[in-house]
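# Structural characterization, general
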Amino acid sequence: MRKRKRNKFKAVVAIALSMALMLGACGSQSAGAGASKDMIPLSEVIFSDEDLLIWTGGGGARDDYTGSTIDKKDIPYSFYRITPDGTRYIGQYRSEVTLGYVAQMSDEEILTDDLISWKDEGVPVSWNIITDGTGNNTSYISFDPGPNSRDIGNFLGHITIYDSSYMVFSYIKGGIPRAGAFYLIRDTKDTIDKTVYLDPPGTEGFTVDGK
């Protein structure tokens, strides 16, 4: 594999993590009817005719993300693959596989069995808007609801890793923000220059507060 510049990833992820520490605990980022042409709802990212891949990552030990020292070699990555029919698969890459490695591959290449240490058989996914308790304002969006639900928080911007561009979202697990942890979703031509906002309650395809 060709050698590339090594400091680019560290710089852009450090910026994203700094934003996560500042914004991860902030309130709703839902725009709804007030959205501009430079903004798109999360639903346009997650609901499509193609597989959705979501990566998790962070700096340091898996339960102790700080983001203070971040390097692509030290970041453990798992992934969620959600198919257009609403089936969710979760998997873990082998320890030697980092985002710096998979960023240089196609979506098909990064799901090959020789890169993955384990994956499940797939379960139906359920998208759920969690509000601030009023039922009116979105706090975050959950999938796989339950005591260990996986939750997508505020949009933190775009980062570039080698030649791949990604959307960065704050990481919430079981309703608790994880400092220094984040989700990544690969950009498309429709998202690369957009700000992504969390859909408001009542958006088709979501339940609200589990109802």
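Look above for the structure.
Note that this is a predicted model, so its numbers are computed, not measured. One numbering rule holds for all chains: residues counted from 1, following each sequence as written. Since the coordinates come from a predicted model, pLDDT governs what is reported: local features require at least 70, and pairs of side-chain atoms require 80 or more to be given and counted, while whole-chain, interface and lining totals use all residues. Based on all heavy atoms of the structure, the side-chain values leave hydrogens and waters out of the count.

### Focus on the overall build of the protein chain
We apply this condition: Runs of H or I in DSSP of at least four residues are treated as helices and runs of E of at least two as strands, each being numbered from the N terminus. The cut-offs for exposure are 20% and 50% of the maximum accessible area for each residue type, with area from a 1.4 Å probe on protein chains only; residues under the lower value are buried, those over the upper are exposed, and the others partly exposed. Should any heavy atoms of two residues lie within 4.5 Å, those residues are counted as being in contact.
Looking only at helices and strands, one finds three helices and 13 strands in the protein chain. The buried share of the protein chain, reckoned over its 211 residues, is 46%. Long-range contacts, defined as pairs at least 24 residues apart, comprise 63% of the intrachain contacts of the protein chain with a sequence gap of at least 6.

### Topic: unusual backbone geometry
Not every positive phi belongs to a glycine, and D209 is a case in point at roughly 55°. Residue placement: D209 occurs in the segment after β13 (207–208).

### A few points about the side chain of T131
What counts is decided by this rule: For the purposes of these results, a polar contact is taken to be a pair of N or O atoms within 3.5 Å, where, inside protein, one atom must be able to donate a hydrogen and its partner to accept one; residues adjacent in sequence count only when each atom of the pair is a side-chain atom.
The residue T131 is located in strand β7 (residues 127–131) in this model. A relative accessible area of 8% means that T131 is categorised as buried. Only 3.0 Å separates the side chain of T131 from the backbone nitrogen of G135, close enough to count as a polar contact. Non-local contacts of T131, meaning those with residues more than four positions away in its chain, are made with N136, N137, T138, S139, P201, V208 and D209.

### Structural notes on the environment of M167
Topologically, M167 is positioned in strand β10 (residues 164–173). Judged by its relative accessible area of 1%, M167 falls in the buried class. Residues M167 and L184, spaced 17 residues apart in sequence, show a C-alpha to C-alpha distance of 5.6 Å. Those residues in contact with M167 that lie beyond four places of it in its chain are V45, F155, G157, H158, Y183, L184, I185, R186, D187, T191 and V196.

### Remarks on the pattern of salt bridges
This is how the line gets drawn: Salt bridge criterion: a side-chain nitrogen from Lys or Arg within 4 Å of a carboxyl oxygen from Asp or Glu.
Using the criterion set out here, one finds five salt bridges in the structure. Of the charged contacts, one joins R186 and D107 as a salt bridge, the two residues approaching to 3.1 Å between their closest N and O atoms. One end of the pair, R186, is in strand β11 (residues 176–186); the other, D107, is in the loop between α3 (99–102) and β5 (116–119), with 79 residues separating them in the sequence.

### Observations regarding the layout of surface pockets
Where we set the bar: A cavity here means a set of 1 Å grid points, computed over protein atoms only, where a 1.4 Å probe fits but cannot escape. A pocket is an open set with protein on both sides within 12 Å along at least 5 of 7 lines, and lining residues have an atom within 4 Å of a point. Grid points are joined across faces, edges and corners, and a volume is the space filled by probe spheres set on the points. For this classification, the nonpolar set comprises Ala, Val, Leu, Ile, Met, Phe, Trp, Tyr, Cys and Pro, the charged set comprises Asp, Glu, Lys and Arg, and every other residue, Gly included, is treated as polar.
When its volume is computed, the largest pocket comes out at roughly 430 Å³. Around the largest pocket, the lining is made up of 18 residues, and of these V45, S48, E50, R186 and T188 lie nearest the centre. Residue assignment for the lining of the largest pocket shows that the elements contributing at least two residues are α2 (43–46), β2 (52–58) and β11. The dominant element in the lining of the largest pocket, judged by the number of residues it contributes, is β2, at three residues. In terms of residue class, the lining of the largest pocket is built from seven nonpolar, three polar and eight charged.

### Comments concerning the packing of aromatic side chains
The condition is simple: The rule is short: rings of Phe, Tyr and Trp, with Trp giving its six-membered ring, pair when the centres are within 6.5 Å, and they are stacked under 30 degrees, edge-to-face over 60, tilted in between. Placement of a positive charge over a ring is assigned whenever Lys NZ or Arg CZ falls within 6 Å of the ring centre and within 35 degrees of the normal to the ring plane.
Under the criterion given, the structure shown has 10 aromatic pairs. Ring plane angle 50° and centroid distance 5.3 Å describe the contact between F47 and F206, whose orientation is recorded as tilted. In this pair, F47 is assigned in the loop between α2 and β2 and F206 in the loop between β12 (195–197) and β13, connecting sequence segments 159 residues apart. Taking the relative accessible area as the measure of exposure, F47 reaches 32% and is therefore partly exposed. When the centroid spacing of 5.7 Å and the interplanar angle of 90° are considered together, the rings of W55 and Y166 count as edge-to-face. Within this pair, whereas W55 is found in strand β2, its partner Y166 is found in strand β10, the two being separated by 111 residues in sequence. With relative accessibility at 0%, the residue Y166 sits in the buried group. Each member of the aromatic cluster is reached from another via a ring pair, and the members are F47, Y80, W127, F143, Y171, Y183 and F206. Seen from the ring of Y89, R81 lies directly overhead, with NZ or CZ sitting 5.0 Å from the centre.

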